[in-house]
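Here's the letter readout for the chains.
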Amino acid sequence: MARLPHSIKIKALNHALALLFGTVSISAFCIPTAMAQSTNLGSLFGQVKPNTALQIVKADNSITRNVVTDAQGRFQVNSLPLGSYQVHLMMANKIAQTSKLEVLNNQAVEVVFKLPETTQSVQISATNPQPVGKFSLSGQELSHVAGAGGDPMRGLQSLPGVISVSDGNAAPAIRGSRPQDNTYYIDFLPVGYVYHMGGYLSVVHEDLVKRFDLYTGAFGPEFDDVHG
């Protein structure tokens, strides 16, 4: 068998080593790339209200993560194993909404919630105050006024702003108006004849009066243009 010259042996050995280290070098760079493409992990992100608590649960309950959104309401959860997940939106430590989705390999999946409109309802209630210048008394109260003599209409003379024109006349003069300037209503119907015997007594019996409303001023337009 013929022997190779020494120089040829060295070249052949260097070539073989070059091939060997080249292969090792290529393999060393290819391994991490192949591993990065098969991580089997994904991520979730989204945006809701600021400082909102979220709970991320894998469908088989093997993974549970709790996160809180930032000042802009954004959140992102990385390195989640692939599969089905439920993302719970928490309000006052209770589940307000749930979003179901799939975590995909090397992908960021957006979580979307349908947030209700934040409108605040305000209920305003008020009672109708008694008009200025209105006095309400029962017929019994008016009849028992001193000097009324059991006549509720004569008892009106004891109210503020009401005077009598004479001792023999029960018709009141209200805030400077004449007795004939007044208008009387019984059950919302105008009554023209209220006094008899020259105005000494009224035709209204005390037992028939449940409530008497006296308007000394500032009365509504439903009373036309009367003075009292």
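Reading the values: rules and limits
The residue numbers shown here count from 1 along each chain, following its written sequence. Local features in this predicted model are restricted to residues of pLDDT 70 or higher, and side-chain atom pairs are both shown and tallied only at a pLDDT of 80 or more, whereas totals for entire chains, interfaces and linings draw on every residue. Hydrogens and water molecules were not included; the side-chain quantities draw on all heavy atoms of the structure. The term salt bridge refers to a pairing of a side-chain nitrogen on Lys or Arg with a carboxyl oxygen on Asp or Glu at a separation within 4 Å. When accessible area is computed with a 1.4 Å probe and restricted to protein chains, residues below 20% of their type maximum are described as buried, those above 50% as exposed, and intermediate ones as partly exposed. Here, a strand pair is defined by DSSP locating no fewer than two bridges between the strands. Runs of H or I in DSSP of at least four residues are treated as helices and runs of E of at least two as strands, each being numbered from the N terminus. Inter-axis angles, ranging from 0 to 180 degrees, are taken between N-to-C directions of lines fitted to C-alpha atoms, where helices are fitted over the stretch in contact. Residue contacts are counted whenever heavy atoms from the two residues lie within 4.5 Å of one another. The score called pLDDT rates the predictor's confidence residue by residue, from a low of 0 to a high of 100. Among buried residues, the Ala, Val, Leu, Ile, Met, Phe, Trp, Tyr and Cys ones that are joined through side-chain atoms within 4.5 Å form a nonpolar core.

### Brief notes about the pattern of salt bridges
Side-chain pairs of opposite charge can arise where the charged atoms are in close proximity. Within the structure shown, the criterion is met by two salt bridges. Asp 60 is paired through a salt bridge with Lys 58; the nearest N and O atoms lie 3.9 Å apart. We note a salt bridge from Asp 70 to Arg 74, for which the minimum N-O separation is 3.6 Å. What makes Arg 74 partly exposed here is its relative accessible area of 43%.

### Comments concerning the sheet that holds strand S4 (residues 74–81)
Read across the open sheet, the three strands follow the order S4-S1-S7; overall the sheet is mixed. On the outer flanks of this sheet lie S4 and strand S7 (108–111), each paired with one strand and no other. In this sheet, adjacent strand axes meet at a mean angle of 25° when their direction is disregarded.

### Section: the environment of Gln 157
Relative to the helices and strands, Gln 157 resides in the loop between helix H2 (139–143) and strand S9 (162–166). The exposure class assigned to Gln 157 is partly exposed, which follows from its relative accessible area of 21%. In this structure Gln 157 touches Val 162, Ser 164, Asn 169 and Ala 170, once residues within four positions along its chain are discounted.

### Observations concerning the confidence of the model for the chain
Confidence in the prediction for the chain averages 75 pLDDT; 76% of positions are at 70 or higher. pLDDT under 50 marks residues 6–10. Its contacts with residues more than four places away, or in other chains, come to one contact. When the criterion is pLDDT under 50, residues 12–36 qualifies, and its contacts beyond four places in sequence or with other chains add up to one contact.

### Quick look at the sheet that holds strand S6 (residues 94–103)
A sheet is described by the order of its strands in space; here four strands give the open sequence S3-S2-S5-S6, paired in antiparallel fashion. Taken across any chain shown, the strands that pair with only one partner, and hence form the sheet edges, are strand S3 (64–68) and S6. On average, adjacent strands in this sheet sit at an angle of 20° to one another, irrespective of strand direction. Taken together, the five bridges between strand S2 (residues 53–58) and S3 define a ladder with antiparallel strand orientation. In the strand pairing of S3, Val 57 is matched with Thr 64.

### Let's talk about the nonpolar core
Of all hydrophobic cores here, the largest spans 17 residues; its most connected members are Leu 44, Ile 56, Tyr 85, Val 111 and Phe 113. For this core, the elements supplying multiple residues, two or more each, are S2, S4, strand S5 (83–91), S6 and S7. Not counting the four nearest positions on each side in its chain, Val 111 is found in contact with Leu 44, Phe 45, Gly 46, Phe 75, Val 87, Ser 99 and Leu 101. The next biggest cluster of nonpolar side chains, apart from the first, holds 15 residues, and it includes Leu 142, Leu 159, Tyr 184 and Phe 212.

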